[in-house]
Structures are given as structure tokens and as C-alpha cells.
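Per-entry structural report
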Amino acid sequence: MSFIFFYLLILINPILGQWHKLFQKLSLSPSNAYIPLYNYFEVFKFTNKKPFWTVLMLIPGVHLIMMMVANVSLLRRFGKFSLGDTLQGMFFPYLLFYKIASDEQATVFPETNWNNAKEVEARKWGDHLVLFMCLPVIG
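Residues numbered from 1 in each chain as written. Predicted model: local features only at pLDDT ≥ 70, side-chain atom pairs only at ≥ 80, totals over all residues. Heavy atoms only, no water.

1. Describing the overall build of the protein chain
When helices and strands are counted, the protein chain shows seven helices and zero strands. Reading the secondary structure of the protein chain in the N-to-C direction produces α-α-α-α-α-α-α. Compactness check: the protein chain gives a C-alpha radius of gyration of 15 Å against a globular reference of 14 Å for 139 residues, within 12% of the reference. Its C-alpha atoms give the protein chain principal-axis dimensions of roughly 45 × 40 × 25 Å. Scored against the burial criterion, the 139 residues of the protein chain give a buried share of 37%. Of all intrachain contacts in the protein chain linking residues separated by at least 6 positions in sequence, the fraction that spans at least 24 positions is 55%. (Helix = DSSP H or I, 4+ residues; strand = E, 2+ residues; numbered from the N terminus. Rg over C-alpha atoms; globule rule 2.2 N^0.38 Å. Buried < 20%, exposed > 50% of the residue type's maximum accessible area, 1.4 Å probe, protein only. Contact = heavy atoms within 4.5 Å.)

Have a look at this one:
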């Protein structure tokens, strides 16, 4: 029975997050947003260049962490770096995804230049939160 909930969560997240509209903004095929696991493959490939992380979506329990990673990575590519955006992206990203999907002027940000102090400072508190949330998983 829990496997059904596990699978439904993987299916419902992209639909609630309106990934089909976000895929258009990322210059990806919007129909790929509805293909289970392939949509996560596309997101991981575009956001952090690690598409093999999709395999981790098949492990119950770990899939929750990987969904958070996918959501936060997707939000970061649209310039949502703050602590509040990161928190919302981890636990309930659908409002932010709706705002991005309905905003005609939302653009895709380039990857963070880690040598630019201004870009690193903009991400500082959001990245600290992500690292803090990873501690129980790593430990």
C-alpha cells in the first residue's frame, strides 16, 4: 500500500508544480513533464548536470529527499535563492512554481559563478539551510 503512495507522489509533484510550463521556459519539451521519472531525468540533467540521480528516485524514502533536490534546483535556475524561497521549495514549492509559470518575464538564470562574491552571497542562507537539512541524511 505504501508503494502506491510512493508512486503517486512521484507522479503528482510535476503536475502540481506545473512543470509543463516550466519546461517550456527551460526550452525542453513540455510533454516530457508528464513522463514519470523521465521528467526528473530532464530536470537533473538541466539543473545540476547529474541525470543519474534519477535512479535514487526509485528508493522509497530517498525519493522524498530527491524531490526536494529537484524542486530547489529548479527554483534556483529561476533566480529563487533566498532562505524563504529555499524553505518553500523544499516543503511546498507549488505556489512558487505557479508564480514562475504564470510570470511571462521569468527567465532562466545561468549557473552560479562561484568566483563572483555577489552571486555567492545571494545564495548563502539558502545554501546553509540545504546543508543543515542534509546533516541527518549524511549522518
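2. Some words on the pattern of salt bridges
The final tally for this structure, using the stated rule, is one salt bridge. Residue Glu 42 is joined to Lys 45 by a salt bridge in which the shortest nitrogen-to-oxygen separation is 3.7 Å. Taken together, the residues span about one helical turn, with Glu 42 and Lys 45 both in helix H3 (residues 38-47) at a distance of three residues. The exposure class assigned to Glu 42 is buried, which follows from its relative accessible area of 5%. Lys 45 sits in the partly exposed class, given a relative accessible area of 38%. (Salt bridge = Lys/Arg side-chain N within 4 Å of Asp/Glu carboxyl O.)

3. What about the environment of Ala 117?
Within the secondary structure, Ala 117 sits in helix H7 (residues 117-138). The sequence separation of Ala 117 and Leu 8 amounts to 109 residues, and the corresponding C-alpha distance is 41 Å.

4. Notes on the side chain of Asn 39
Tracing the chain through its elements places Asn 39 in helix H3. Under the relative-accessibility criterion, Asn 39 is labelled buried at 2%. For Asn 39, the side chain forms a polar contact with the main-chain nitrogen of Leu 37, separated by 3.3 Å. Setting aside chain neighbours within four positions, we find Asn 39 in contact with Pro 14, Trp 19, Phe 23, Asn 32 and Ala 33. (Polar contact = N/O pair within 3.5 Å; in protein donor to acceptor, adjacent residues only side chain to side chain.)

5. Quick word on the packing of helix H4 (residues 62-76) against helix H5 (residues 83-91)
It is at 8 Å that the axes of H4 and H5 come closest, and there the two elements cross at 140°. Viewed along their axes, H4 and H5 adopt a mutual orientation that is oblique. Our pair here, H4 against H5, has a crossing hand that is right-handed. For the pair formed by H4 and H5, the contact residues are Met 68, Asn 71, Val 72, Leu 75 and Arg 76 on the first element and Asp 85, Thr 86, Gly 89, Met 90 and Phe 91 on the second. Of the residues that constitute the contact of H4 with H5, the class distribution is five nonpolar, three polar and two charged. (Axes fitted to C-alpha atoms, helices over the stretch in contact; angles between N-to-C directions. Parallel < 35°, antiparallel > 145°, perpendicular 65-115°, else oblique. Left-handed = near helix turned anticlockwise from the far one by under 90°. Nonpolar A, V, L, I, M, F, W, Y, C, P; charged D, E, K, R; others polar.)

On their own, these measurements won't tell you what the molecule is for.
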